[in-house]
Amino acid sequence: MNHVSSAILNRIRLCLLGYSILLLGSYGAVVFWLHYGRNGGYGLTPFLAGFIAIQLIYEILAQFVFVKQSPLVRACITLVGVWAQTLMIMEATGVYKSPMMAIVIGLVFLAGAMGLYLATGMVTMLCVGFLLGLGGFFATPTDAPFGVALIIVSSTLVFLGQLFWRKYYIDKDVATDTLSSSLSKEQAKSDIILNAIEDGVILVDTNQIIRLFNPGASAITGWPAEEAVGLDHHAVLHLIDEKNVDYPASQNPFNRVFADHKSVRDSQAVLVSRSNKHISLNLSVSPLIGSTGAISGAVCVFRDVSQERSEEKRRAEFISTASHEMRTPVAAIEGYLALALNPRVSTVDTKARQFLEKAHSSTQHLGKLFQDLLTSAKAEDGRLSSHPTALEMGEFTEQLVGDLKFSADKKGLRIEFVTGTGNEVIDASNDSAGSSKVIKPLYYVFADPERLREVLINLFDNAVKYTDTGTISVGLTGDEKVVQIYVHDTGPGIPPEDASHLFQKFYRVDNSATRTIGGTGLGLFICRKIIELYNGRIWVESEVGKGSTFFIDLPRIDSKKAAEFAAAETAQGNPTKL
Ligand code: ADP
């Protein structure tokens, strides 16, 4: 059975109630007139008044007590009640000749809104009444033509009603589904979602004041929503890093979003809850940009990942212990194999030498795998040692390329070092004679040279490993804010679907060009972890068949800051060469 939406049903109910109240008012007026000796009646009897009063009591109960009653049932009861009232007046005011006949017919039409069954039921009742009427129960047989007219007109209206109302009909299943009906309003929709999800959701305005705080956020932070809303988010979302150091203002994800108008993700943050518990969080903050393009606030979605992180830590600990323990015997095997292969130490025949060479290279591969496993486990749980200093990337990279040249030469690959192809700011200084001399730009970063060496060697080794012919270019460029280093090769390239996964652990591209080349799939993961340590970014741009370029962006520091870092290190007895 179909019917119109709850909203329309409620509107119809309201109109019917208005009509009932009008009848009640009319009854009052008639009583008043009678009291003053005027003629009255019109079927407005005390019985009718009592009936209407009972109906009104039901309506009040339906509104405030039977709140779960479906709007359809409520509207049907109201309509039938009002219809009964109208029939009573019709009966007292001339039955079929009564002007109330129009309302009786009108209500049949209205019943169409509640479905075909109700309207048909009402017409059936009219027919039964008419038959009884013919027997002289209600009226005289002379009224018969009017009765027939009533039945014909109201039956027709059942069909016309169907035609009229069907366009407003909604699916019954949807209408009766309380969830769907409550979802009909946007507000209700978002409230339901926000209250149901386990993740914390916080909305902050441009004054950094919390405007929305869902139950998930309360459960994680320990702050009830009533108290958190209206407070500065720093007070509620107190973030520290893994070393228990408060996030500096510039690192706070909300501040970064308000400064850059870009979404920020943070998977390392630790929250200090209201009860001083430390909870590992995975959070993302996104700006709310209005139609004018101005930022109007920020939304933070976060979840408690303490359990995942402790499991990860346990796993990393196991891998790091296991690989550490296994490295020692592997190093011993490798050493003995090297001795066996050394003609000055031992004599082996050609066949045995071939076997030993294979064993030696496999052992070297195994040693590299254990080393990479150890490094990646350390990188994951933040134990990767790092001694950052102010480092001038120009000299550093040039020197490194010089050292690496040998491996490229061995494979017949050309190698080049390119500097300053970007919109670099020339770090020029006036010489004593006052003439302005443009010197090579100085690209300073604050990072551990050993760690950066590891990254660049890895990228360079990959370029050599996966390229058969052509050139490997190592470039250095940048602007005021970043220093960019890239390693470009003319190798097989990387399919786009693999490029986004390349920096994950153990990911290796499975294609004929690279499958046969040995590797662990850990190198680029370690590179990413190291670059992230210095707030940098690493990514690849590649075209299959043409080659790949691996880019690294690192925050640039100016010469003044670099000199300050160098001075600080000298003061600590650990001078840095700038
Ligand atoms: P590995 O080289 O030890 O397998 P990496 O993490 O260094 O591990 O690299 C992951 C995968 O990325 C490699 O297996 C290879 O398929 C692909 N790859 C890396 N560098 C290049 C490159 N320069 N050209 C083509 N493919 C590359």
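Scoring rules and cut-offs
- Per chain, residues are indexed from 1 in the order of the written sequence.
- Residues qualify for local features only when their pLDDT is at least 70, as the model is predicted, and side-chain atom pairs are given and counted only at 80 or more; totals for whole chains, interfaces and linings, by contrast, use all residues.
- No hydrogens and no water enter the side-chain calculation; it runs on all heavy atoms of the structure.
- Per-residue confidence from the predictor is given as pLDDT, running between 0 and 100.
- Throughout, a residue-residue contact means that at least one pair of heavy atoms, one from each residue, lies within 4.5 Å.
- By the criteria applied, helices consist of DSSP H or I runs no shorter than four residues and strands consist of E runs no shorter than two, each listed in order from the N terminus.
- The rule for a residue being near a molecule or strand is that one of its heavy atoms must lie within 4 Å of it.
- Here a polar contact is recorded for every N or O atom pair within 3.5 Å, except that within protein the pair must consist of a potential hydrogen donor and a potential acceptor, and residues adjacent in sequence are included only if both atoms are side-chain atoms.
- Shrake-Rupley sampling with a 1.4 Å probe provides the accessible areas, and residues are treated as covered by the protein chains on show and by no other component.
- The definitions used throughout rest on a 1 Å grid laid over the protein atoms alone, on which a cavity is an enclosed set of points accommodating a 1.4 Å probe that cannot get out and a pocket is an open set flanked by protein within 12 Å on both sides along at least five of seven lines; lining residues are those having an atom within 4 Å of a point.
- The way we define it, a molecule is inside a pocket or cavity when more than half of its atoms are within 2 Å of that pocket's grid points.
- Grid points are joined across faces, edges and corners, and a volume is the space filled by probe spheres set on the points.
- Note that Gly is not counted as nonpolar here; it falls among the polar residues with everything else outside the nonpolar set of Ala, Val, Leu, Ile, Met, Phe, Trp, Tyr, Cys and Pro and the charged set of Asp, Glu, Lys and Arg.
- Here, a salt bridge means any Lys or Arg side-chain nitrogen found within 4 Å of an Asp or Glu carboxyl oxygen.
- Accessibility here uses a 1.4 Å probe with only protein chains present; expressed as a share of the type maximum, an area under 20% marks a residue as buried, one over 50% as exposed, and anything in between as partly exposed.

Student: Would you take a moment to explain the confidence of the model for the chain for this structure?
Tutor: Detail in the predicted coordinates should be disregarded across regions flagged by low pLDDT. Model confidence for the chain is summarised by a mean pLDDT of 84, while 88% of its residues fall at 70 or above. Contacts of residues 422–438 to residues separated by more than four positions or lying in other chains number 22 contacts, the stretch itself having pLDDT below 50.

Student: Would you mind going over unusual backbone geometry with me for this structure?
Tutor: A positive phi angle, near 60°, is found at H261, a position not held by glycine. For F506, which is not a glycine, the phi torsion comes out positive at approximately 60°. Structurally, F506 is set in the loop between helix 18 (496–499) and helix 19 (512–515).

Student: For this particular structure, what's the right way to read the site of the ligand?
Tutor: The environment of the ligand is formed by 20 residues, the closest being N462, D489, R508, T520 and L524. Taking D489, its side chain carries an N or O atom lying 2.7 Å from a nitrogen atom of the ligand. Protein chains bury 98% of the 530 Å² of accessible surface belonging to the ligand in isolation. At a threshold of 2 Å from the grid points, most atoms of the ligand map onto the second largest pocket.

Student: Explanation requested: empty space enclosed by the protein in the structure shown.
Tutor: If you roll a probe as big as a water molecule over the atoms, it shows you where there is empty space left. According to the stated counting rule, one finds five cavities of 30 Å³ or more in the structure shown. Looking at the second largest cavity, its volume works out to about 40 Å³. Around the second largest cavity, the lining residues are T397, L400, V401, L404, L456, F460, V474 and V487. Broken down by element, the residue count for the lining of the second largest cavity peaks at four residues, all from helix 16 (residues 393–410). Considered class by class, the residues forming the lining of the second largest cavity number seven nonpolar, one polar and no charged.

Student: Is there a simple way to think about the layout of surface pockets in this case?
Tutor: Estimated volume of the second largest pocket: approximately 1,000 Å³. What lines the second largest pocket is a set of 43 residues, and nearest its centre among them are N458, D461, N462, K465 and Y466. Of all elements in the fold, only helix 15 (350–380), helix 16, helix 17 (449–466), helix 20 (523–533) and strand 18 (547–555) reach the threshold of two or more residues within the lining of the second largest pocket. With ten residues, the top contributor of residues to the lining of the second largest pocket is helix 17. Looking at side-chain class alone, the lining of the second largest pocket contains 16 nonpolar, 18 polar and nine charged residues.

Student: What is the right way to read the pattern of salt bridges from this model?
Tutor: A side chain with one charge can pair with a side chain of the opposite charge if their charged atoms come near. Inspection of the entire model under this criterion finds 13 salt bridges. Here R303 makes a salt bridge to D199, at a shortest N to O gap of 3.3 Å. Taken as a pair, R303 in strand 9 (residues 295–304) and D199 in the loop between helix 9 (186–196) and strand 3 (200–205) lie far apart in primary sequence, 104 residues in all. Relative accessible area serves as the criterion here: at 41%, R303 is assigned to the partly exposed category. Linking R211 and D205 is a salt bridge whose minimum nitrogen-to-oxygen distance equals 2.9 Å. Relative accessible area serves as the criterion here: at 14%, D205 is assigned to the buried category.

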